[in-house]
Amino acid sequence: MGTEHSKNEGRRSMVFLRKGPKLPAWEDALLSGKEPKSLLKRGLRYISLNLIMKGMTSVPDFLWGLPEMQKLNLSHNQLVVIPPLLGKLDRLVVLNLGGNCLKCLPKEIGLLRNLKVLFANMNCLTEVPAELSLCRKLEVLSLSHNCISQLPLSFTDLTSLRKLNLSNNHFVQIPLCIFALRSLDFLHLGSNRLENIAESVQYLVNLQIFIIENNNIRTLPRSLCFIATLELLNVDYNAIQTLPDDLYLLRRLPRIAWNPMDKGLHIAHNPLSRPLPEVVEGGLDVLFNYLREKKDHN
């Protein structure tokens, strides 16, 4: 009887252990005696480490002993601080810090001279370190869904930058440094507090996608019409009443677009003055003909 009782107790304790809280994958790997380097995935392009959605409130120290890492995903945790030791990972090409609670980025991020892609979206950032401009190879930068209202002037040095997402921030005007980024082909400034677009926008000579929806913009500058590369221009949900007569010069816009994913001119939900609402309903060709004739008569 005593033996049977002890067996039952043993079974119950085993069940309890099996039902215990599951350790995060990276912690479980460490506790099982593995070397941190065993967490790295060696793909065709990058040596990478994925620590997405691990519930981490701080960056695990073992990361700083993995200098060969090229791609690091720390997104969707509860990280409040990225330590200065980040600068030791100078082979990083892709860094994803999105979906955390970061209030700032360490200035040592400027030591990541091989960095090409940085996601720091969905955080609590109020500013961007000037040292980020030292990452001269940076091609893709997302700072969307933060509390940023300005960028450092040194951003003019990011001459390789092609895609920049600054949507859902606190910008009241487009930072002047952006107009120096001649390689930009994608610029998203939607859901900010913009009231105008500077004439300097014409210097973005390679821009293909320009999204400025959900702002307080009242007019479009004439210089915007000279960006011949534009394929998508989204000015939905603004305060636009009139359109520049030279808009017909944007010949790569294929249509009046209604689906957010479509290329073309997005101009819905604006208080357009008559007869523009009816003209727009006729399609892009009708709109362009109207603007061309209007210009000829002026």
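Residues numbered from 1 in each chain as written. Predicted model: local features only at pLDDT ≥ 70, side-chain atom pairs only at ≥ 80, totals over all residues. Heavy atoms only, no water.

Caption draft 1: Highlighting the pattern of salt bridges. The final tally for this structure, using the stated rule, is 10 salt bridges. For Arg-136, the salt bridge goes to Asp-157, with nearest N and O atoms at 3.7 Å. Here Arg-136 is found in the loop between strand S5 (117-119) and strand S6 (140-142), whereas its partner Asp-157 is found in the loop between S6 and strand S7 (163-165), with 21 residues between them in sequence. Overall, Arg-136 belongs to the partly exposed group, its relative accessible area being 41%. Assessed through its relative accessible area of 30%, Asp-157 is described here as partly exposed. (Salt bridge = Lys/Arg side-chain N within 4 Å of Asp/Glu carboxyl O. Helix = DSSP H or I, 4+ residues; strand = E, 2+ residues; numbered from the N terminus. Buried < 20%, exposed > 50% of the residue type's maximum accessible area, 1.4 Å probe, protein only.)

Caption draft 2: Focus on the environment of Leu-79. Tracing the chain through its elements places Leu-79 in the loop between strand S3 (71-73) and strand S4 (94-96). Residues Leu-79 and Val-59, 20 residues apart in the sequence, show an inter-C-alpha distance of 7.1 Å. Dropping the residues within four chain positions of it, Leu-79 is found in contact with Met-56, Thr-57, Ser-58, Val-59, Leu-74, Asn-100, Cys-101 and Leu-102. (Contact = heavy atoms within 4.5 Å.)

Caption draft 3: Seen up close, the nonpolar core. Grouped together as the largest cluster of nonpolar side chains are 83 residues, with contacts concentrated most on Leu-49, Leu-63, Leu-151, Phe-210 and Leu-287. Where this core is concerned, the elements lending two or more residues are strand S2 (47-50), helix H3 (276-281) and helix H4 (284-297). Here this core takes 4 residues from H4, the largest share from any one element. The contact partners of Leu-287, leaving out residues within four places of it in the chain, are Leu-243, Ile-256, Leu-265, Leu-276, Val-279 and Val-280. Core analysis: the second largest hydrophobic core is formed by 5 residues, Val-93, Val-94, Val-117 and Val-140 among them. (Core = buried A, V, L, I, M, F, W, Y, C linked by side-chain atoms within 4.5 Å.)

Caption draft 4: Examining the sheet that holds strand S10 (residues 232-234) more closely. As summarised here, the arrangement of the 11 strands in space is S1-S2-S3-S4-S5-S6-S7-S8-S9-S10-S11, forming an open sheet in which the pairing is mixed. Whereas interior strands pair on both sides, the edge strands pair on one side only; in this sheet they are strand S1 (41-42) and strand S11 (264-266). The sheet contact formed by S5 and S6 spans 3 bridges and is parallel. In the strand pairing of S6, Val-117 is matched with Val-140. (Pairing = 2+ DSSP bridges.)

Caption draft 5: Region of interest: the confidence of the model for the protein. Scored by pLDDT, the protein has a mean of 91; 89% of the residues are at 70 or more. Scored below 50 in pLDDT, residues 9-21 shows 1 contact in the model against residues more than four places distant or in partner chains. (pLDDT = per-residue confidence, 0-100.)

Caption draft 6: Quick look at the side chain of Ser-167. Mapped onto the fold, Ser-167 is located in the loop between S7 and strand S8 (186-188). By relative accessible area, Ser-167 is classed as buried at 3%. Within the local environment of Ser-167, its side chain forms a polar contact with the side chain of Asn-165, the two groups lying 2.8 Å apart. (Polar contact = N/O pair within 3.5 Å; in protein donor to acceptor, adjacent residues only side chain to side chain.)

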